[in-house]
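# Observations on the three-dimensional arrangement
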Amino acid sequence: MTPAPGITLIGAARFGESPLFPPVRLEIDPGSWSCLLGPSGCGKTTILRLIAGLDTGVDFDGHIRASDGKPLPGRVAYMAQTDLLMPWLDVLGNVTLGARLRGETPDVEAAETLVERLGLSEHAHKRPTKLSGGQRQRVALARTLMEDRPVVLLDEPFSALDARTRAEMQDLAAETLEGRTVLLVTHDPGEAARLGDRVFLMDRTGMVEAVPPATPAIRPAADSETLAFQGRLLDALREPAA
Ligand SMILES: Nc1ncnc2c1ncn2[C@@H]1O[C@H](COP(=O)(O)OP(=O)(O)OP(=O)(O)O)[C@@H](O)[C@H]1O
């Protein structure tokens, strides 16, 4: 894998005459986790899709640059909020879909290992309709991890998981994605407090950065500094937008 670049997004977005977000500056360090929190509808998914080079429908006035100056398309794996699993493929078929769409021979062994690590081995040959919401979300996560890209964009990847599985999947994602540049959208201040090397808060008025504890991520959930940071994030999210 090529070294993971940092990413800078500077700009504003609107739908015609309706602003979505004012000028913001998002600086994502190379090879680290950045978390983006904010109320529903403020534009978080739009930011991920802009970085991924996907259609958003917004007019974006600004620029998005990789720190190594090279184009981002082709170097980004994106996990959308909806799992986008193919109903006619089983779990392994969905996890290896990217390679097959590119006309490559999928690494089935790697896919099986990942499926096992995500606790899905007994479901490997089931189709999505036979899976729970949390199991489907893990399949979508596995498919994203299989892509082996230096930049990984995750849109609420753990939201459907029970507390224990969520913590396990956070650990697994942190380990599997070590050295990648990750941008995680989450509604969970506790998740951002555990995982974020940098944490950004946005609403319709703009974006600010919250400084996490000096302890490196991934942080123990019950650590007093992690909990205090989680509390500060929650307080900030509860502040009314100006
Ligand atoms: N064509 C459109 N015209 C105007 N506003 C639109 C249009 N399409 C989408 N929107 C608005 O853009 C916003 C979509 O933002 P986005 O999905 O990026 O938000 P988000 O912060 O990711 O939300 P969530 O946390 O709920 O996933 C919503 O407020 C939506 O109402």
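Residues numbered from 1 in each chain as written. Predicted model: local features only at pLDDT ≥ 70, side-chain atom pairs only at ≥ 80, totals over all residues. Heavy atoms only, no water.

Per an unreviewed UniProt entry, the protein carries the name Putative hydroxymethylpyrimidine transport system ATP-binding protein and comes from Tropicimonas isoalkanivorans. Annotation of the protein in UniProt includes, under Sequence similarities (unreviewed entry), the sentence "Belongs to the ABC transporter superfamily." (UniProt positions renumbered as here; feature names shortened; annotations may be inferred.)

For the rest of this paragraph, the subject is the site of the ligand. Lining the immediate environment of the ligand, one finds 14 residues, of which Ser40, Lys44, Thr45, Thr46 and Gln81 sit closest. Note that an oxygen atom of the ligand is positioned 2.8 Å from one of the side-chain N or O atoms of Thr45. For the shell around the ligand, the residue count by class is four nonpolar, seven polar and three charged. (Near = heavy atom within 4 Å. Polar contact = N/O pair within 3.5 Å; in protein donor to acceptor, adjacent residues only side chain to side chain. Nonpolar A, V, L, I, M, F, W, Y, C, P; charged D, E, K, R; others polar.)

Most of strand 7 (residues 181–185) sits inside the fold, with five of its five residues counted as buried. Neither face of strand 7 is left uncovered, since the one carrying Thr181, Leu183 and Val185 and the one carrying Val182 and Leu184 both have all their residues buried. One ladder, built from four bridges, connects strand 3 (residues 33–37) with strand 7; its direction is parallel. Following the sheet pairing, Trp33 is matched in strand 7 by Val182. Bridging between strand 6 (residues 151–155) and strand 7 involves five bridges; their strand directions are parallel. The partner of Val151 across the bridge, within strand 7, is Thr181. With respect to chirality, the unit in which strand 6 leads through helix 6 (residues 163–176) into the neighbouring parallel strand 7 is right-handed. (Buried < 20%, exposed > 50% of the residue type's maximum accessible area, 1.4 Å probe, protein only. Helix = DSSP H or I, 4+ residues; strand = E, 2+ residues; numbered from the N terminus. Pairing = 2+ DSSP bridges. Right-handed = clockwise from strand over helix to strand, strands pointing away.)

Moving on to the sheet that holds strand 2 (residues 18–28). Spatially, the three strands line up as an open sheet ordered 2-1-4, and their pairing is antiparallel. The sheet is open, and its two edges are formed by strand 2 and strand 4 (59–66), each paired on a single side. Strand-to-strand twist across the sheet, computed as the mean angle between neighbouring axes with direction ignored, equals 5°. Bridge count between strand 1 (residues 7–15) and strand 4: eight bridges; the pairing is antiparallel. Each residue of the ladder has a partner; that of Ala12, found in strand 4, is Asp61. Where helix 1 (residues 44–52) meets the sheet, it contacts strand 1, strand 2 and strand 4, and its direction lies at approximately 60° from that of strand 2. (Axes fitted to C-alpha atoms, helices over the stretch in contact; angles between N-to-C directions. Contact = heavy atoms within 4.5 Å.)

A sheet is described by the order of its strands in space; here six strands give the open sequence 5-6-7-3-8-9, paired in mixed fashion. What marks the edges here is a single partner per strand, and that holds for strand 5 (76–79) and strand 9 (206–210). Neighbour to neighbour, the strand axes of the sheet diverge by 15° on average, direction disregarded. Taken together, the four bridges between strand 3 and strand 8 (residues 198–203) define a ladder with parallel strand orientation. Looking across to strand 8, one finds that Leu36 is bridged to Phe200. Running at roughly 175° to strand 5, helix 5 (residues 133–146) makes contact with strand 5 and strand 6 of the sheet.

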